[in-house]
Amino acid sequence: MKTAAYVEILDREGALLAEAAETAGSDAEVPTCPGWRVRDLLRHTGMVHRWATAFVAEGHTGPRRADDPPALDGARLVSWFRDGHARLVDTLTGAAPEVRCWQFLPAPSPLAFWARRQAHETTVHRLDAESACGGGATGIGVDFAVDGIDELLCAFHARPKSAVRTEEPRTLRVRATDAADAVWTVRLSAQPPVRVREAAGTADCELSGPAAHLYPALWNRRPFPEVTGDGSLAALWRERSGVTWS
């Protein structure tokens, strides 16, 4: 996907998140994030948006701490979130393609990294906000969902900090059933996962389903559409795969 496409998705997803937050109310519980209420979700995502904006706008070449969110609530908190989201969209839209700044996952360029990462960050948290409303979730495009699965498996869980490990070698397969060549083989051991984007060899467990369902399931936002084989590996993913802010 091109950077402009990610920014367009980011723009739409942030607006949907704010609308869902307004509908639910800041005190509503967020079922997909146990222990959080909508105010926590808005404060976190608004903080991340401002943190990301600073790297691109100010050209920071190393990691830096995010500023703590203000103690706002209700309509003022939603307004604060909207303002930060708009600034992120504007910054990414206006940035030079060759802008240099820090990134924490592989990408063709820093701008491509931040556009992709924030599009997925905001989409997952939009699902959280909609879960607080108690209704259905807005749909996710197949190509974007496949891209999100790829980012999670091939970037986040390629890092040494991934906790998805097994004492004995096991193989997990992930397959999006509605997209060509959207299959991943994840080899698990006591070391960080090793993954390839192909159906390589046999698998102990396969997680499969439409990309738009499999994507949030892998982010632990909904049940897996289908689990074939050893269900303990699906349970292991649920227990160990969480990506947390630190």
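Just so we're clear, the structure is a prediction, and the values are computed from it rather than from any experiment.

Engineer: Tell me about the packing of helix α1 (residues 3-24) against helix α3 (residues 74-94), and please be specific about residues and values.
Structural biologist: Taken N-terminus to C-terminus, the directions of α1 and α3 make an angle of 175°; their axes are 10 Å apart at the nearest point. The orientation of α1 relative to α3 falls into the category roughly antiparallel. Facing Val7, Leu10, Asp11, Gly14, Ala15, Leu17, Ala18, Glu19 and Glu22 of α1, the residues of α3 in contact are Val78, Phe81, Arg82, His85, Leu88, Val89, Leu92 and Thr93. Residues that form the contact of α1 with α3 fall into these classes: 10 nonpolar, 3 polar and 4 charged.

Engineer: Explain the nonpolar core to me, and be specific about the residues and the numbers.
Structural biologist: Judged by nonpolar contacts, the single largest core of 55 residues is most densely connected at Leu92, Trp114, Leu172, Val174, Leu207 and Leu218. Discounting chain neighbours no more than four positions away, the residues touching Leu92 are Val7, Leu10, Val56, Leu111, Trp114 and Ala115.

Engineer: So, the UniProt feature "domain: MDMPI C-terminal" (unreviewed entry) in the protein: which residues are in play, and what are the values?
Structural biologist: As annotated by UniProt and renumbered to match this structure, "domain: MDMPI C-terminal" (unreviewed entry) occupies residues 143-236. What you have in residues 143-236 is 28% helix and 27% strand, and the ends, taken at the C-alpha atoms, are 27 Å apart.

Engineer: Report on the sheet that holds strand β5 (residues 226-229), specifying residues and quantitative values.
Structural biologist: Sheet architecture is open: 5 strands sit in the order β3-β2-β1-β4-β5, paired in mixed fashion. Where the open sheet ends on each side, the last strands, each with one partner, are β3 (194-196) and β5. Across the sheet, the mean angle from the axis of one strand to that of its neighbour is 20°, orientation sign disregarded. Alignment of strand β2 (residues 183-188) against β3, held across 3 bridges, turns out to be antiparallel. The residue bridging Val186 from the neighbouring strand is Arg195, located in β3. Taken strand by strand, helix α5 (residues 142-154) contacts β1 (170-176), β2 and β3, and its axis lies near 15° from that of β2.

Rules used in this analysis
- Residue indices follow the written sequence of each chain, beginning from 1 at its first position.
- Only residues with pLDDT of 70 or above have their local features reported here, since the model is predicted, and side-chain atom pairs are shown and tallied only from 80 upward, although totals for entire chains, interfaces and linings are computed over all residues.
- For side-chain calculations, the full set of non-hydrogen atoms in the structure is used, while hydrogens and water are omitted.
- Axis definition: a line fitted to C-alpha atoms, limited for helices to the stretch in contact. Angles are taken between N-to-C directions and run from 0 to 180 degrees.
- Segments assigned H or I by DSSP are reported as helices when at least four residues long, segments assigned E as strands when at least two residues long, and all are numbered from the N terminus.
- Every angle not falling under 35 degrees, over 145, or within 65 to 115 is termed oblique; those three ranges are roughly parallel, roughly antiparallel and roughly perpendicular.
- Residues are treated as being in contact if the distance between any of their heavy atoms lies within 4.5 Å.
- Residue polarity is assigned by list, with Asp, Glu, Lys and Arg as charged and Ala, Val, Leu, Ile, Met, Phe, Trp, Tyr, Cys and Pro as nonpolar; anything else, Gly included, falls into the polar class.
- By nonpolar core is meant a set of buried Ala, Val, Leu, Ile, Met, Phe, Trp, Tyr and Cys residues that side-chain atoms within 4.5 Å join together.
- Accessibility here uses a 1.4 Å probe with only protein chains present; expressed as a share of the type maximum, an area under 20% marks a residue as buried, one over 50% as exposed, and anything in between as partly exposed.
- UniProt positions are given in the numbering used here, feature names are shortened, and annotations may be inferred rather than shown by experiment.
- Two strands make a pair as long as DSSP finds a minimum of two bridges between them.

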